[in-house]
Amino acid sequence: MPLIDSHCHLNSKEFENNYKEIIADCLEKEIGLLNIGADFETSKRAVEIASEYPNKPIYASIGMHPESIQENFDAEKFQKLINPKTVAVGEIGLEYFFDNKQELKEKQQELFRQQLNFAIKNNLPVILHARGSKLNPYDVYEDMLDILKKQEPARRSDNWSRWSEGGEKGVVHCFSASQEIAQKFLDLGFYIGLTGLITFKNKSVDSLRQTVKMIPLERLLVETDTPYMTPEPHRGEKNLPQYTEFVARKLAAIKGVSYTEICKITTENFKKLFLKK
């Protein structure tokens, strides 16, 4: 599979009538994809869709987005969603953009810790969501790093654990912070996920493109976040997993390598992170 969209939401209601056509077109174009859960229902739907394609590169992630704190995380219910096509826990994390009151932060942080423990128990990588406050867009990353560093390390004597020191623990989805913050996540064993944001023509994105230039290609993933974050030249339209190509082509330009090389390496990165058992 030449290219994989490592983060999309074809499991959302707006695609319930045409997800099969979209997936068929992706497979014809040799694009695999990972559908991401944001609450129990979308997690369940992601697993159902992945299970419809047992021998194809269509995968599922399960978890609760930080804005789903009105629900309790029911580990027993989520445990039942794990099958061979369930490759990650996410998207989980912290969301401070719309409301960064301390009480809400603490609730989100507790939900995040619960799901980290769930991922560790099941030896699954995590998909991290992080969006900072309007006044301090990087505060969310520092809080997340603090929680990750304090997380109880895995102790599994019976078999390999990605959550032991040096393991590949997950990806920071839709990364938009500094090189310094990126390095902190890399040091903890995380990959960096890039969306259509890197294709935007805004001058404000130049610093992110500079950061991407410095991150090792072997630690990058490409994603669409469908139906959001539509890349150029389709900005303003509903996003689709097929548009992963435009993210990959922009990454190739930033890195000064061929599109084919980007496809090959990011697909290998996906396999190392999500398909290694």
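Okay, so let's go over this structure. Just so it is clear, the structure is predicted and the values come from calculations on it, not from any experiment. (Residues numbered from 1 in each chain as written. Predicted model: local features only at pLDDT ≥ 70, side-chain atom pairs only at ≥ 80, totals over all residues. Heavy atoms only, no water.)

## Quick look at the pairing of strand 2 (residues 31-36)
Stage number 1. Burial runs high along strand 2: six of the six residues are buried.
Stage number 2. Alternating positions in strand 2 separate into two faces, I31, L33 and N35 on one and G32, L34 and I36 on the other, with burial throughout.
Stage number 3. When strand 1 (residues 3-8) meets strand 2, the two strands line up parallel, connected through four bridges. Of the residues in strand 2, the one forming a bridge with I4 is G32.
Stage number 4. Crossover connection from strand 1 via helix 1 (residues 19-28) to parallel strand 2: handedness right-handed.
Stage number 5. Of the pairings in the sheet, the one linking strand 2 to strand 3 (residues 58-62) comprises four bridges and is parallel in character. Of the residues in strand 3, the one forming a bridge with I36 is S61.
Stage number 6. Crossover connection from strand 2 via helix 2 (residues 40-51) to parallel strand 3: handedness right-handed. (Buried < 20%, exposed > 50% of the residue type's maximum accessible area, 1.4 Å probe, protein only. Helix = DSSP H or I, 4+ residues; strand = E, 2+ residues; numbered from the N terminus. Pairing = 2+ DSSP bridges. Right-handed = clockwise from strand over helix to strand, strands pointing away.)

## With respect to the packing of helix 8 (residues 244-255) against helix 9 (residues 259-275)
Stage number 1. Running from amino to carboxyl end, helix 8 crosses helix 9 at an angle of 110°, the nearest separation of the two axes being 8 Å. Taken together, the axis directions place helix 8 and helix 9 in an arrangement best described as roughly perpendicular. Along this stretch, helix 8 crosses helix 9, giving a crossing that reads as right-handed. Contacts between helix 8 and helix 9 involve E245, A248, R249, L251 and A252 on the former and, on the latter, Y259, I262 and T266.
Stage number 2. Taken together, the residues of the contact of helix 8 with helix 9 sort by class into five nonpolar, one polar and two charged. (Axes fitted to C-alpha atoms, helices over the stretch in contact; angles between N-to-C directions. Parallel < 35°, antiparallel > 145°, perpendicular 65-115°, else oblique. Left-handed = near helix turned anticlockwise from the far one by under 90°. Contact = heavy atoms within 4.5 Å. Nonpolar A, V, L, I, M, F, W, Y, C, P; charged D, E, K, R; others polar.)

## Things to note about the pattern of salt bridges
Stage number 1. Under the criterion given, the structure shown has 15 salt bridges.
Stage number 2. The shortest N-O distance in the salt bridge between R45 and E48 comes to 3.1 Å. Here R45 and its partner E48 are both found in helix 2, three residues apart, which amounts to about one turn of the helix.
Stage number 3. Residue classification places R45 among the partly exposed positions, given a relative accessible area of 23%.
Stage number 4. Overall, E48 belongs to the partly exposed group, its relative accessible area being 33%. (Salt bridge = Lys/Arg side-chain N within 4 Å of Asp/Glu carboxyl O.)

## What to know about the layout of surface pockets
Stage number 1. By volume, the largest pocket is sized at about 890 Å³.
Stage number 2. E95, H129, R131, C174 and M229 are the residues nearest the centre of the largest pocket, which is lined by 36 residues in total.
Stage number 3. At the level of secondary structure, the elements contributing two or more residues to the lining of the largest pocket comprise strand 4 (86-95), strand 5 (126-131) and helix 7 (206-214).
Stage number 4. When residues in the lining of the largest pocket are grouped by element, the largest group, three residues, is from strand 5.
Stage number 5. Residue composition of the lining of the largest pocket, by class: 16 nonpolar, 14 polar and six charged. (1 Å grid on protein atoms, 1.4 Å probe; cavity = no way out; pocket = protein on both sides within 12 Å on 5 of 7 lines; lining within 4 Å. Points joined across faces, edges and corners; volume = space filled by probe spheres on them.)

## Section: the sheet that holds strand 8 (residues 220-222)
Stage number 1. The strand order across the open sheet built from eight strands is 1-2-3-4-5-6-7-8, with neighbouring strands paired in parallel fashion. The open sheet has two edge strands, strand 1 and strand 8, and neither has a second partner. Across the sheet, the mean angle separating the axes of adjacent strands is 25° when strand polarity is ignored.

## Section: unusual backbone geometry
Stage number 1. Geometrically, the link from T226 to P227 is a cis peptide bond, its omega value of 10° lying close to zero.
Stage number 2. Its location among the elements puts P227 in the loop between strand 8 and helix 8.
Stage number 3. Cis geometry is adopted by the peptide bond preceding P233, which originates at E232 and carries an omega value of 10°.
Stage number 4. Structurally, the position occupied by P233 is in the loop between strand 8 and helix 8.
Stage number 5. With a phi angle near 50°, C174 is a residue other than glycine that sits in the positive phi range.

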